[in-house]
Amino acid sequence: MTASADDEPDILCSELVRIFVAKGIEVQALQGLGLRVDRGELVALVGASGSGKSTLLTILAGLDTPTAGAARVAGHDLIAMRGAERLRYRRESVGFIWQQTARNLLPYLSAEENIAFAHTVAGVVPRRRRAEVADGLLDLLRLGDLRARRPHELSGGQQQRVAIAVALANSPRVLLADEPTGELDEATSADVLATMEEVNRERGVTTLIVTHDPAVADHVDRTVRIRDGRTSTEVLRRTETDHTGQEVRVAEEFAVLDAVGRMQLPAEFTRTLGLRERVRLSLEPDHVAVRPGQRSANADVPVEGSDG
Ligand SMILES: Nc1ncnc2c1ncn2[C@@H]1O[C@H](COP(=O)(O)OP(=O)(O)OP(=O)(O)O)[C@@H](O)[C@H]1O
């Protein structure tokens, strides 16, 4: 492990590529993806099915390695990391929550025993402190009364709350969740997302949630969208006070410009203006204009594609 400077982001990916070869056919699941998540941030990662979200999360979890590019998480270089460090990274630096509630917990152990098992496997928390750490987590996740129940005696939402406690057992710097509300109904999903928000606030654990759940917008300040294996847009949200003194949430969407100046135009823009293959770019005083490269039927009317 390399010691990380205090201002180093907890997740930093650049030009990440992951190519799978299945039956002789190459699939580029990640195509030069960049992502930065600062310490203590709570970020949602969204994108259509097949856009590369799970591929990215599996790499960040230390379970797969990219074909090319750079990725650092919690001070670890995920590309250079080998056997023993990789194992230690998975046990100490990251916690995971999977969509399938059953995948997160051992079915024959109670909530409390599942946390104790995570402690035993990793051996990070000293024995004398384990009971106290488990009590703190059961309190934080509102599981005090349910500590002796086994997974099948808990609702889906309660199981995911135990899963969060288990993921936090070894005080990881980074929490990764792959569709944590995918098997839950709307009300339970909102409860699990609110719990993750609270855990992030209380413990300061850097959290990345991959989700299709639109309700996530109510719980995170930043949503990153992946399209075709690249980060395409980000939505930033902030709370402002309007002229009547009311607090309102304001959301603003940005296109992501990568280190070498590439960005993706929204599919709706390219479709509406028939932009394909070649476009005309021009630098205006305060914006860049993108025009169709092919001659338009009415050449006198320039079509402005983007105003920055
Ligand atoms: N092990 C694999 N072998 C071959 N192709 C794969 C493999 N894993 C993923 N892919 C392909 O990589 C692309 C990205 O898949 P990925 O599972 O990362 O998408 P996703 O955004 O998580 O989708 P979903 O929202 O449906 O889970 C897809 O085209 C998928 O078929």
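Parameters and conventions
- Residues numbered from 1 in each chain as written.
- Predicted model: local features only at pLDDT ≥ 70, side-chain atom pairs only at ≥ 80, totals over all residues.
- Heavy atoms only, no water.
- Helix = DSSP H or I, 4+ residues; strand = E, 2+ residues; numbered from the N terminus.
- Near = heavy atom within 4 Å.
- Polar contact = N/O pair within 3.5 Å; in protein donor to acceptor, adjacent residues only side chain to side chain.
- Nonpolar A, V, L, I, M, F, W, Y, C, P; charged D, E, K, R; others polar.
- Pairing = 2+ DSSP bridges.
- Axes fitted to C-alpha atoms, helices over the stretch in contact; angles between N-to-C directions.
- Contact = heavy atoms within 4.5 Å.
- Parallel < 35°, antiparallel > 145°, perpendicular 65-115°, else oblique.
- Left-handed = near helix turned anticlockwise from the far one by under 90°.

The name given to the chain in an unreviewed UniProt entry is ABC-type lipoprotein export system ATPase subunit, with the source organism recorded as Diaminobutyricimonas aerilata.

**Concerning unusual backbone geometry**
Positive phi, normally seen in glycine, also occurs at Ser-171, with a value near 50 degrees. When you line up the elements, Ser-171 lands in the loop between α6 (156–168) and β7 (174–178). Unlike most non-glycine residues, Asp-228 shows phi in positive territory, near 50 degrees. Considering the arrangement of structural elements, one finds Asp-228 in the loop between β9 (222–227) and β10 (230–241).

**Description of the site of the ligand**
In the vicinity of the ligand, the residues found are Phe-20, Val-27, Ala-29, Ala-48, Ser-49, Gly-50, Ser-51, Gly-52, Lys-53, Ser-54, Thr-55 and His-212. Lys-53 has a polar side-chain atom sitting 2.8 Å from an oxygen atom of the ligand. Elements supplying a minimum of two residues to the shell around the ligand: β2 (25–37) and α1 (53–60). For the shell around the ligand, the element with the highest residue contribution is α1, accounting for three residues. When grouped by side-chain class, the residues that make up the shell around the ligand number four nonpolar, seven polar and one charged.

**Here's the deal with the sheet that holds β9**
Within the open sheet, the seven strands sit side by side as β6-β7-β8-β3-β9-β10-β11. Their pairing is mixed. Whereas interior strands pair on both sides, the edge strands pair on one side only; in this sheet they are β6 (94–97) and β11 (247–255). Each neighbouring strand pair of the sheet contributes to a mean axis angle of 20 degrees, computed without reference to strand direction. Sitting on the sheet, α1 touches β3 (42–46), β6, β7, β8 (206–210) and β9, and the angle it makes with β7 is about 150 degrees.

**Quick word on the environment of Glu-92**
Of note, Glu-92 is situated in helix α2 (residues 83–93). Along the chain, Glu-92 and Val-174 lie 82 residues apart, while their C-alpha atoms are 9.5 Å from each other. Leaving out residues up to four positions away in the same chain, Glu-92 has contacts with Val-124, Asn-170, Ser-171 and Pro-172.

**Re the packing of helix α4 (residues 111–122) against helix α5 (residues 127–140)**
Direction vectors running N to C along α4 and α5 enclose 130 degrees, while the axes themselves pass 10 Å from each other. Classed by the angle they form, the pair α4 and α5 counts as oblique. Where α4 crosses over α5, the handedness of that crossing is right-handed. Each of Glu-112, Ile-115, His-119 and Thr-120 in α4 lies in contact with α5, whose residues at this interface are Arg-130, Val-133, Ala-134, Leu-137 and Leu-138. Its residues assigned to classes, the contact of α4 with α5 comprises five nonpolar, two polar and two charged.

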